[in-house]
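Examination of the molecular architecture
Each chain, letter by letter, is given below.
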Amino acid sequence: DAGVIQSPRHEVTEMGQEVTLRCKPISGHNSLFWYRQTMMRGLELLIYFNNNVPIDDSGMPEDRFSAKMPNASFSTLKIQPSEPRDSAVYFCASSNTGTSSETQYFGPGTRLLVL
Amino acid sequence: KNQVEQSPQSLIILEGKNCTLQCNYTVSPFSNLRWYKQDTGRGPVSLTIMTFSENTKSNGRYTATLDADTKQSSLHITASQLSDSASYICVVSPFGGGYNKLIFGAGTRLAVHP
């Protein structure tokens, strides 16, 4: 298995632009997670899906952030409009059933820089 | 407030030496505690996961211990290798909480020098 796939790996954009991050979870996994990691705040859970349905988006910082999972093999995290404080590494992870005792498998991350 | 604190923030050791990383938490009750390894530029990889009733869990040269009474966990690395250079993150899951309740430590950055 190729593991969790994220694209792009790096993104540089200007403030105000729309940014779309993509994720393909491990085949057969039912749960998908979006995280953000910064030096100041460490890892933060933004949102997670179970069977393509958003379960909790309380970690999403504000309305500029939105996430979708149209099918079991694809998810997007969109930031519109982007701001410099959104600069971070965004990770996607997936797990088999989504229980908190289960291992999550992380993708390589997307490093976002908003100028 | 539920917190997870890790120490030291950073550590440098020589190849072949052992080291121990600490994780203190205030989360109570909790369901499980994880240790992740994160190489530079990569996503975290799970090393161990322990429930509140477990005292120790090993994964090769990595051994995690848990003392639920003192709310402390440690990650011991034996015979360190250059490839152990990474950040190690402690994550606690509160009892009854979903993934949205995970509490992440800030991590310990380990550098293993030849």
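In the block above lies the structure referred to throughout.
Residues numbered from 1 in each chain as written. Chains lettered and ligands numbered in written order. Predicted model: local features only at pLDDT ≥ 70, side-chain atom pairs only at ≥ 80, totals over all residues. Heavy atoms only, no water.

Often, the extent of an interface is quoted as the loss of accessible area upon association of its parts. On the side of chain A, 22 residues touch chain B, which itself brings 19 residues to the contact. Summed over both partners, the interface of chain B with chain A buries about 1,500 Å², with 54% contributed by carbon and sulfur atoms. Applying the counting rule to chain B against chain A returns zero salt bridges. Where chain B meets chain A, there are one residue pair in polar contact (both at pLDDT 80 or more). For the side of chain B that touches chain A, the secondary structure elements donating two or more residues are strand S4 (30-38), strand S5 (45-51) and strand S9 (86-94) of chain B. Considering every element that reaches the side of chain B that touches chain A, the biggest residue donor is S4 of chain B, with five residues. Looking at the side of chain B that touches chain A residue by residue, the class counts come to seven nonpolar, ten polar and two charged. (Contact = heavy atoms within 4.5 Å. Buried area = accessible area lost by both parts, 1.4 Å probe. Salt bridge = Lys/Arg side-chain N within 4 Å of Asp/Glu carboxyl O. Polar contact = N/O pair within 3.5 Å; in protein donor to acceptor, adjacent residues only side chain to side chain. Helix = DSSP H or I, 4+ residues; strand = E, 2+ residues; numbered from the N terminus. Nonpolar A, V, L, I, M, F, W, Y, C, P; charged D, E, K, R; others polar.)

Once that is clear, we can look at the pattern of salt bridges. Applying the stated criterion across every chain, the model contains eleven salt bridges over all chains. Residues joined in a network through salt bridges with shared partners are Glu-62, Arg-64, Glu-83, Arg-85 and Asp-86 of chain A.

Residues and elements named next belong to chain B. Considering the arrangement of structural elements, one finds Asn-32 in strand S4. Relative accessible area serves as the criterion here: at 1%, Asn-32 is assigned to the buried category. A distance of 3.3 Å separates a polar atom in the side chain of Asn-32 from a polar atom in the side chain of Arg-34. (Buried < 20%, exposed > 50% of the residue type's maximum accessible area, 1.4 Å probe, protein only.)

On their own, these measurements won't tell you what the molecule is for.
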